[in-house]
Amino acid sequence: MMNNISELAYFGGEPKFKEKLFVGRPNIGNRDRLLERINDMLDRRWLSNNGIFVQEFEQRIAEHLGVKHCIAVCNGTIALELVIRALDLKGEVIIPSFTFIATAHALQWQEITPVFCDIDPKTHTLNPWRVESLITPRTSGIMGVHLWGQPCDVETLTEISSKHNLKLMFDASHAFGCAHKGKMIGNFGSAEVFSFHATKFMNTFEGGAIVTNDDDLNQKLRLMKNFGFAGFDNVVYLGTNGKMPEISAAMGLTSLESLDEFIEINRRNYYCYRDGLADIDGVSLFPVNDTERHNYQYIVLEIEEEKTQVSRDLLIEILHAENIIARRYFYPGCHRMEPYRSYFPHAGLLLPETEKLTQKVLILPTGTAISENDIHKICQVFKLAIASSYSQDKDLLKA
Ligand code: T4K
């Protein structure tokens, strides 16, 4: 138990962890099963191009989500780019700025303007009423992001998109295994996109998937992800290389077998953090709706500096000194990154909630690499850093 501020590594004490604790440490399922699959793949000498692991992976995902089609691809960014193109989006598409940069880049890469919309500070997702005010004659679609696995206001966004004849898609990169009103994420809009990057709750090393209930879109996407090939020597469509390799699908199939365990551990960690941080004024844990299925993949804190008397950024430095590599996702917001910062230098004026949130959010490590004991220690560091700000050590912390 630490009692004195001088015990913090930031002030010269011993770091609480010898090894770094990362946000996004991959979950690894049953290693033997994975190696068995890799051996099987090597024996069959089938490494890519719609192999049997990819086909099985697609089928399992579609079953798990109760969705008609799953198209496995090489990463989440390509998945977004493919859907944007297959839906024929152009001109302007409304998205949140409070997201990972890939959401915006997937549009700009195809010379479509991402129009940044503010978020609802309670849900951290698109504020649908603000969306409506940003629609222009150039708007072709809306892309919501189910940030941290928190579903967007799907119903209102669906209403707005139908009223204005716009396409609606979702970046569900964070939301594999989450549900909205009893229905799995993956069933909303024209299509939804998952990322299975190493840092995600369920990973395929690198990888992603598009899910849709639309047969025509499925056909189109399958052609597009394979250069437009519809059989040997027969290209019928403009395409790219978005294929998921077999080794990724082998990892995905193995991860799917451990999904319940990953959720259980993340859930345990979430509640352990919730209890450990409960009494700290000015620190709030982003709530998870326990009545729906959820993956608990992100431990999202909001730091109110007026109450903690320690800034979010100083807390991050204090944590890093202890080898707790906390992150500021998604600071400073897409609109403050290039090329958007140069294109739209005043975008922040329409994004007051985003601007506030990017100053407050702090993400802590979770997943199968983190134990309850680790979490107790992380919470102690938090408590000591914040409690000290009220004591005689205040000047030291502010220095
Ligand atoms: N849309 C949204 C909303 C997204 O969040 C993402 C990806 C995408 C779209 C695009 O999907 P992909 O094309 O990536 O499939 C990371 C991931 O690289 C990125 O995939 C993810 N979002 C984002 C939220 O997090 P960074 O910039 O934090 O990456 P990095 O290299 O700092 O890694 C994060 C942490 O994970 C580090 O602290 C170290 C740890 N780590 C990482 C890897 C790769 C490991 O411990 N082992 C590993 O193998 O973006």
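Residues numbered from 1 in each chain as written. Predicted model: local features only at pLDDT ≥ 70, side-chain atom pairs only at ≥ 80, totals over all residues. Heavy atoms only, no water.

K.L.:
What's the story with the overall build of the protein in this structure? I'm lost.
P.N.:
Within the protein, the regular secondary structure consists of 15 helices and 14 strands. Seen through its C-alpha atoms, the protein measures out along the principal axes to roughly 75 × 55 × 40 Å. Relative to all contacts within the protein whose residues are 6 or more apart in sequence, the contacts with residues 24 or more apart total 70%. Accessible area for the protein stands at about 17,700 Å²; split by element, carbon and sulfur atoms hold 50% of it. (Helix = DSSP H or I, 4+ residues; strand = E, 2+ residues; numbered from the N terminus. Contact = heavy atoms within 4.5 Å. Areas by Shrake-Rupley, 256 points an atom, 1.4 Å probe, with all protein chains shown as cover.)

K.L.:
Can you walk me through the pairing of strand β3 (residues 92-96) in this structure?
P.N.:
Here is the key point about a regular strand: its side chains alternate between the two faces of the sheet. For β3, a buried count of five out of five residues is recorded, marking the element as mostly surrounded by other parts of the structure. Between β3 and its parallel partner strand β4 (residues 113-117), the chain crosses via helix α4 (residues 101-108), and the hand of that crossover is right-handed. Looking at chain direction, β3 and strand β5 (residues 139-145) are connected through three bridges and run parallel. By the bridge assignment for β5, Glu92 is matched with Thr139. (Buried < 20%, exposed > 50% of the residue type's maximum accessible area, 1.4 Å probe, protein only. Right-handed = clockwise from strand over helix to strand, strands pointing away. Pairing = 2+ DSSP bridges.)

K.L.:
What am I meant to see in helix α6 (residues 154-163) here?
P.N.:
For an α-helix the count is 3.6 residues per turn, leaving residues at separations of three or four pointing the same way. Residues of α6 that are buried: Val154, Thr156, Leu157, Ile160 and Ser161. Buried residues of α6 fall within an arc of 165° about the axis and therefore sit on the same side. Structural note: α6 exposes Glu159, Ser162 and Lys163 on the side pointing more than 90 degrees away from its buried face. Against α5 (128-133), β5, β6 (167-171) and β7 (179-180) lie the buried residues of α6. Looking one or two places after α6, you find Asn165, whose phi comes out positive at around 55°. (Arc of directions from axis to C-beta.)

K.L.:
It is not clear to me how the nonpolar core should be interpreted in this structure. Could you clarify?
P.N.:
Across soluble globular proteins, you tend to see nonpolar side chains buried next to one another. Formed by 85 residues in total, the largest nonpolar core has its most connected members in Phe57, Ile61, Phe176, Leu362, Leu364 and Phe382. Sequence-distant contacts of Leu362, that is, excluding residues within four places in its chain, are made with Ile299, Val300, Leu301, Ile303, Arg312, Leu315, Ile316, Leu319, Ala326, Arg327 and Phe382. By size, the runner-up hydrophobic cluster in this structure holds 32 residues, among which are Ile78, Leu82, Leu221 and Tyr340. (Core = buried A, V, L, I, M, F, W, Y, C linked by side-chain atoms within 4.5 Å.)

K.L.:
Would you take a moment to explain the site of the ligand for this structure?
P.N.:
Close contacts around the ligand come from 25 residues, with Arg25, Thr77, Asp171, His174 and Tyr329 the closest. With respect to the ligand, the side chain of Asp171 contributes an N or O atom lying 2.7 Å from a nitrogen atom. One of the side-chain nitrogen or oxygen atoms of His174 is found 2.7 Å away from an oxygen atom of the ligand. For the shell around the ligand, the secondary structure elements donating two or more residues are α3 (76-86) and α4. In terms of residue class, the shell around the ligand is built from nine nonpolar, 12 polar and four charged. (Near = heavy atom within 4 Å. Polar contact = N/O pair within 3.5 Å; in protein donor to acceptor, adjacent residues only side chain to side chain. Nonpolar A, V, L, I, M, F, W, Y, C, P; charged D, E, K, R; others polar.)

K.L.:
Would you take a moment to explain unusual backbone geometry for this structure?
P.N.:
Leaving glycine aside, a negative phi is the common case for residues, and trans is the common case for peptide bonds. Residue Phe330 is bonded to the preceding Tyr329 through a cis peptide linkage, with omega at -10°. With respect to the helices and strands, Phe330 occurs in the loop between β13 (324-325) and α12 (340-343). In the segment running from Glu338 into Pro339, the intervening peptide bond is cis, with an omega of 5°. We note that Glu111 has phi near 60°; this positive angle belongs to a residue other than glycine. Here the phi dihedral of Trp148 falls at roughly 60°; this positive angle occurs in a residue that is not glycine.

K.L.:
Would you mind going over the packing of aromatic side chains with me for this structure?
P.N.:
We describe a pair of aromatic rings using the distance from one ring centre to the other and the angle between the two ring planes. Applying the stated rule across the entire model yields 19 aromatic pairs. Summarising the aromatic geometry, the rings of Phe116 and Phe344 are spaced 6.4 Å apart at their centres and angled 80° between planes, so their arrangement reads as edge-to-face. With Phe116 in strand β4 and Phe344 in the loop between α12 and α13 (352-358), the pair connects residues that are 228 residues apart, well separated along the chain. By relative accessible area, which is 25% here, Phe344 ends up partly exposed. Each ring, one from Trp148 and one from Phe330, has its centre 5.5 Å from the other, and the planes form 10°; the classification is stacked. In this pair, Trp148 is assigned in the loop between β5 and α6 and Phe330 in the loop between β13 and α12, connecting sequence segments 182 residues apart. Comparing Trp148 with Phe330, the two get one shared label, buried. (Phe/Tyr/Trp six-rings, centres within 6.5 Å; stacked < 30°, edge-to-face > 60°.)

K.L.:
Looking at this structure, I do not really get the sheet that holds β4. What am I missing?
P.N.:
Sheet strands associate in pairs through backbone hydrogen bonding, adopting either a parallel or an antiparallel arrangement. Read from one edge to the other, the open sheet built from seven strands follows the order β2-β10-β9-β6-β5-β3-β4, with strand pairing classed as mixed. Lying at the two open borders of the sheet, with one neighbouring strand each, are β2 (69-73) and β4. Taking each pair of neighbouring strands and ignoring which way they run, the sheet shows an average axis angle of 25°. With three bridges joining them, β6 and strand β9 (residues 191-195) adopt parallel strand pairing. In the strand pairing of β9, Asp171 is matched with Val193. Across the sheet, α3 touches β2, β5, β6, β9 and β10 (208-212), and the angle it forms with β9 is around 165°. Contacts from α4 reach β3, β4, β5 and β6, with the element oriented near 145° to β4. (Axes fitted to C-alpha atoms, helices over the stretch in contact; angles between N-to-C directions.)

K.L.:
Help me understand the packing of helix α2 (residues 52-65) against helix α8 (residues 246-257), please; the structure alone is not making it clear to me.
P.N.:
Each pair of packed helices gets described by two things: the angle between the helix axes and the distance between those axes. In contact at an axis separation of 8 Å, α2 and α8 are set at 35° when each is read in the N-to-C sense. Like other packed secondary-structure pairs, α2 and α8 cross with a definite hand, here left-handed. Contact residues: Ile52, Phe53, Val54, Glu56, Phe57, Arg60 and Ile61 in α2; Glu246, Ala249, Ala250, Gly252, Leu253, Leu256 and Glu257 in α8. Each residue belonging to the contact of α2 with α8 can be placed in one class, and the counts come to nine nonpolar, one polar and four charged. (Left-handed = near helix turned anticlockwise from the far one by under 90°.)

K.L.:
It is not clear to me how the pattern of salt bridges should be interpreted in this structure. Could you clarify?
P.N.:
Pairs may arise between side chains of opposite charge once their charged atoms sit close together. For the coordinates displayed, the defined rule picks out 21 salt bridges. With a closest N to O distance of 2.8 Å, Glu36 and Arg33 form a salt bridge. Of this pair, Glu36 and Arg33 both sit in helix α1 (residues 31-44), three residues apart, which is roughly one turn of that helix. Among the ionic pairs, Arg267 bridges to Asp290, the shortest N-O distance being 3.4 Å. Of this pair, Arg267 sits in helix α9 (residues 259-277) while Asp290 sits in the loop between β11 (283-285) and β12 (299-303); the two residues are 23 residues apart in sequence, bridging distant segments of the chain. A network of salt bridges, in which partner residues are shared, links Arg33, Glu36, Arg37 and Glu257. (Salt bridge = Lys/Arg side-chain N within 4 Å of Asp/Glu carboxyl O.)

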